[in-house]
Structure formats: structure tokens, C-alpha cells
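Chain residues, written in single-letter form:
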Amino acid sequence: MYPLLNFEDDAWAREAPAQLAAFAEEVEDELVAAERAGRFPADIYAEMGKRGWVGPITPKTYGGLGGGVAEYCLVEEEIGRHGLVPVQVSVQGQRWLLDWGSEEQTEQYLEGVARGEIIFSECISEPGGGSSLRNLRATARRSNGDWVIDGVKTHVNLGRESDVTLVYAVAEEGLSAFLVDTSLPGVSATPRDAIGLRLIPTCDMAFENVRVPDSAVLGEPGRGLETFLATFNMSRLGNASELIGYGRRAMTLGTEYAQERRIGDGVLTDYQGIQWTIAEAYERLHAASLARDYAANLDDELLVHGVETSLAKKLAITAAEFAVNEVFSLVGGYGLYYDQAFTRLVNDTKVLRVAGGSLEVLRNFVARTILTSDTYAGLR
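Keep in mind that what you see is a predicted model, and the values were worked out from it rather than measured.

Q: Any chance you could explain the overall build of the protein here in plain terms?
A: Along the protein, the regular secondary structure elements total 11 helices and 9 strands. What you see for the protein is a C-alpha radius of gyration of 21 Å, in line with the 21 Å of a compact globule of 380 residues. Expressed along its principal axes, the backbone C-alpha trace of the protein runs to roughly 80 × 55 × 40 Å. Residues classed as buried in the protein amount to 54% of the 380 residues present. Taking the intrachain contacts of the protein between residues at least 6 apart in sequence as the baseline, contacts between residues at least 24 apart amount to 75%. Carbon and sulfur atoms make up 49% of the accessible area of the protein, which totals about 17,200 Å².

This is how it looks when you write it as C-alpha cells:
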């Protein structure tokens, strides 16, 4: 489902989907158990790191695949398709380190994060803060050559499990980002019981007088918005890819069942209404894939692509939601049990409908850009 992506290594791209599928089948029982318990399967994640799947954008000298956004999109789509552990949070960390990390930070963290040996998390959202960085209340103040961080963060994937977290806080210079060792005094995590993405559990994190050295600043004080935007579009392409994977898995499971389900003298897929559902689901997933591929190639070419990325995620949300919801037309009561994958697909899709830019935020961004940018003047 990635016909337009430009890969660094076409041979790898041809082989990777089958390798990811085979690995998922090998560890399926543990994945199911961990998902139901809301537990991070650390051993599976570590093995994914050894195979390069946790570090698709990181150079091989640092333990990664040495690819770009195209490789990242392929890995995330196949992860969604086969129910493996999402790597988006780690890849965002790698992007931050590659673009903004000091030599000391890069040497300390990058290889471990790319290989799945150092667990990374990000602390951005706050209670009541929504999608606006302007509303952040976490603070960072200078103290005897160090920084002291105070604040509460929410919706943190892998917060309890992480070794290092990137904390966004407001300093005198403005919004700033800090790499914080989660074992430091004053750092605490409260688990949350999320409906989806349960392989990368969610928590709230509190920072009370957490002292970090000046070397913990990512980039420079006051440039937090720039560091955030460094991963903004790539993150949404990862979301889009995972959503496309969910839709593909739903349709695969649904059509396999429907082609075997006997109804009178035929099977379920003999009915025109069912055929139309399959056709529209494929159409939407295919369109989302094309939009994602186009935006990913723009990202790899370092071209402006905010609208294209937003459109890709928007299309992926609606395509995945259609596929995972309409699949119940194919499987009926068979889909109503927790020992099947359908409920997980619905819940994971709902999480990514909101996380990383909700459908409404995406619509607003696209509309504002069309209305104000000369690039899109021909549409007005």
C-alpha cells in the first residue's frame, strides 16, 4: 500500500513487510496478552530494535536502518497491520536528537534509542492544555548553573517505562525543551488506563523541583517551538501510516471471514452491498496511501509539506475509521468478542483520531492555509 514511496534500498523495502509479518506471527500470543493487560512488551520491542525497525531514520553508524521517512512509513504501516509495538515515540526522539541534539546528547542517547535499548518518551500535553503550546504551564528556571523544572504532563506514552523523556516547559527565554532522566528525584508517573495503543501504556507525569544540568537543554533555551516543529510533520506521517495499517488489517480479517461465511447457496461476499463496502474501503485506504506517500517524499526532499501531511493524516483517519467500522458488516457477531482483533482496531483508531493532531485540528490548519497562502490561491 505504498506505491509512490522512494526508498533508500528497494530490496529492503520488498523484503521488510514479509519479515515484519513473520515476526508478528512468532510473538502473537505475547502481543495479545500484553495488549489486554496494557503492558509494554519490552522483550519484543528490544528484538524489534535489534532488527532495525525501531530506528528506521537513524544512520547505521548509530544502530539504525539508515533510511528516511519512507522507511519509517513502511515500518509503521506494517506495525499497525500486524499489531506490533508502535515505534513512533522513539522515532520522534531520534529526529529530535538528529536535528537538535548536541554531540554529548547524541552520543549518550541516539544509538540506545534507535536500537530499542533506551526507552524514550515525550512530555508535551498538559491537563487542560489541548493542542496549544501557548497554554503550557510547566516552568523551567535557572538555578546555580542548572535548570529546575516544575509541572504536570498528561497523555505520555511509555512515561513509566522510559529512561529519558523530553519535557517542554516555559523558561524566561520562552518555550524550551529538556532531556530529563526519569530516575531523577522529583519525577513521578501515574498510570492511566487508555482504551487503545495499550502496548505503549499512557501515564501522567509530574516534575517537582527536578534539577537538570544546562547540558539537558535540547537546542537552545527559547527555541522549543522550533524543536517541536522538527518532528511535527514526520509524526503525522507515522500516525497516518499506522492508521492505514489498521484499515488494511481490518479489511483482511473481514474479507477472509466473509468469503467463507455461508449464506444460503453462496457466501457473504456474493451480496452486492458487501461488495460495495469492500470496494469503498479499499478506495479510501488507497487514496490515503497515495497522499501519505506524496507527503513522505516531500519530507525526505526537505520541501514544505504541512498541508500535504495534514491531508494525509486526515484521509488516513477517515479511511481507517470506515474500514474498521464497516468490517462489522462483514463479520457480524463474530467481531463482538475480545478474543478477536476488531475491538482493538476500533480503539486504536479512535486514539489516533485524536493524538498527534485531531481531525478537527487538521481541517482547521488546511483551511487556514488555503485561505491565507498564495500557494493555494488558485483554489480560492
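Q: Help me understand the pairing of strand β2 (residues 139–143) in this model?
A: A regular strand carries its side chains on alternate faces of the sheet. The pairing of β2 with strand β3 (residues 146–157) spans 5 bridges and is classified as antiparallel. Pairing of Arg141 across the sheet is with Val148, part of β3. The turn linking β2 back onto β3 is made up of 2 residues, and Asn144 within it adopts a positive phi angle of 55°.

Q: Honestly, the nonpolar core in this entry has me stumped. Any pointers?
A: As a rule of thumb, soluble globular proteins bury nonpolar side chains together. Counting 69 residues, the largest nonpolar core has Trp12, Met48, Leu84, Val85 and Val87 as the members making the most contacts within it. Among the elements that take part in this core, helix α9 (residues 306–331) stands out by supplying 11 residues, more than any other. Beyond its immediate chain neighbours, meaning those up to four positions away, Val87 contacts Tyr45, Met48, Trp53, Val54, Val75, Glu76 and Ile79. With 20 residues, the next largest nonpolar core counts Leu97, Ile124, Leu136 and Val164 among its residues.

Q: I keep staring at the environment of Trp100 and nothing clicks. Help me out?
A: Checked against the element boundaries, Trp100 lands in helix α5 (residues 88–100). Owing to a relative accessible area of 19%, Trp100 belongs among the buried residues under this scheme. Trp100 sits 192 residues away from Arg292 along the chain, and the two C-alpha atoms are 25 Å apart. Leave out the neighbours within four places in its chain, and Trp100 touches Gln105, Leu218, Gly219, Arg223, Glu226, Thr227 and Ala230.

Q: How do you make sense of the side chain of Glu242 when you look at a structure like this?
A: Within the fold, Glu242 resides in helix α7 (residues 224–260). Buried and unpaired, Glu242 has Arg344 as its nearest opposite-charge partner, separated by 6.8 Å. At a separation of 2.7 Å, a polar atom in the side chain of Glu242 contacts the side chain of Tyr246. The contacts of Glu242, once residues within four sequence positions are left out, are Glu76, Glu77, Gly80, Pro86, Leu197 and Leu352.

Q: What should I look at first to understand the pattern of salt bridges in this one?
A: Should the charged atoms of two oppositely charged side chains come close, the side chains can pair. On inspection of all chains with the given rule, the structure shows 21 salt bridges. Salt-bridge contacts for Arg115 lead to Glu117; the nearest nitrogen and oxygen are separated by 3.3 Å. Glu117 gets classed as exposed once you look at its relative accessible area, which sits at 52%. A salt bridge links Glu280 to Arg284; the nearest nitrogen and oxygen atoms lie 2.7 Å apart. Of this pair, Glu280 and Arg284 both sit in helix α8 (residues 272–300), separated by 4 residues, roughly a single helical turn. When its relative accessible area of 29% is taken as the criterion, Arg284 is described as partly exposed. A single network of salt bridges, built from pairs that share partners, joins Glu77, Glu78, Arg81, Arg248, Arg292 and Asp293.

Q: Looking at this structure, how should I read helix α6 (residues 103–114)?
A: Within an α-helix, residues lying three or four positions from one another point in the same direction, as the helix has 3.6 residues per turn. Compared with the 16 Å implied by 1.5 Å per residue over 12 residues, the 16 Å span of α6 between its first and last C-alpha is a close match. Every buried residue of α6 is listed here: Gln105, Thr106, Tyr109, Leu110, Gly112, Val113 and Ala114. Residues of α6 that are buried sit in contact with α3 (42–50), α5, β1 (120–123), β4 (164–171) and β5 (174–181). Looking one or two residues past α6, Gly116 carries a phi angle of roughly 75°, positive in sign.

Q: It is not clear to me how the state of the cysteines should be interpreted in this structure. Could you clarify?
A: Disulfide: a covalent bond formed between the sulfur atoms of two cysteine residues. Applying the stated criterion to the full structure yields 0 disulfides. Lacking any disulfide linkage, Cys123 is separated from the closest cysteine sulfur, that of Cys203, by 7.1 Å. Here Cys123 falls in the buried class, since its relative accessible area comes to 0%. Residue classification places Cys203 among the buried positions, given a relative accessible area of 1%.

Q: Explanation requested: unusual backbone geometry in the structure shown.
A: One can expect most non-glycine residues to show negative phi and most peptide bonds to be in trans. Unusually for a residue other than glycine, Leu158 sits at a positive phi of about 65°. Of the residues examined, Leu158 reaches a relative accessible area of 3% and is grouped as buried.

Q: Can you help me understand the packing of α7 against helix α10 (residues 342–354) in this one?
A: For any two helices packed against each other, one specifies the inter-axial angle together with the distance between the axes. As a packed pair, α7 and α10 sit with axes 10 Å apart at the nearest point and diverge in direction by 160°. One way to sum up the angle between α7 and α10 is to call them roughly antiparallel. Crossing handedness for the pair α7 and α10: left-handed. Along its contact with α7, which presents Asn239, Glu242, Leu243, Tyr246, Arg249, Ala250, Leu253 and Gly254, the element α10 presents Phe342, Arg344, Leu345, Asp348, Thr349 and Leu352. In terms of residue class, the contact of α7 with α10 is built from 7 nonpolar, 3 polar and 4 charged.

Conventions used here
Residues numbered from 1 in each chain as written. Predicted model: local features only at pLDDT ≥ 70, side-chain atom pairs only at ≥ 80, totals over all residues. Heavy atoms only, no water. Helix = DSSP H or I, 4+ residues; strand = E, 2+ residues; numbered from the N terminus. Rg over C-alpha atoms; globule rule 2.2 N^0.38 Å. Buried < 20%, exposed > 50% of the residue type's maximum accessible area, 1.4 Å probe, protein only. Contact = heavy atoms within 4.5 Å. Areas by Shrake-Rupley, 256 points an atom, 1.4 Å probe, with all protein chains shown as cover. Pairing = 2+ DSSP bridges. Core = buried A, V, L, I, M, F, W, Y, C linked by side-chain atoms within 4.5 Å. Lys, Arg positive; Asp, Glu negative; His and termini not counted. Salt bridge = Lys/Arg side-chain N within 4 Å of Asp/Glu carboxyl O. Polar contact = N/O pair within 3.5 Å; in protein donor to acceptor, adjacent residues only side chain to side chain. Expected span 1.5 Å × (residues − 1). Disulfide = S-S within 2.5 Å. Axes fitted to C-alpha atoms, helices over the stretch in contact; angles between N-to-C directions. Parallel < 35°, antiparallel > 145°, perpendicular 65-115°, else oblique. Left-handed = near helix turned anticlockwise from the far one by under 90°. Nonpolar A, V, L, I, M, F, W, Y, C, P; charged D, E, K, R; others polar.

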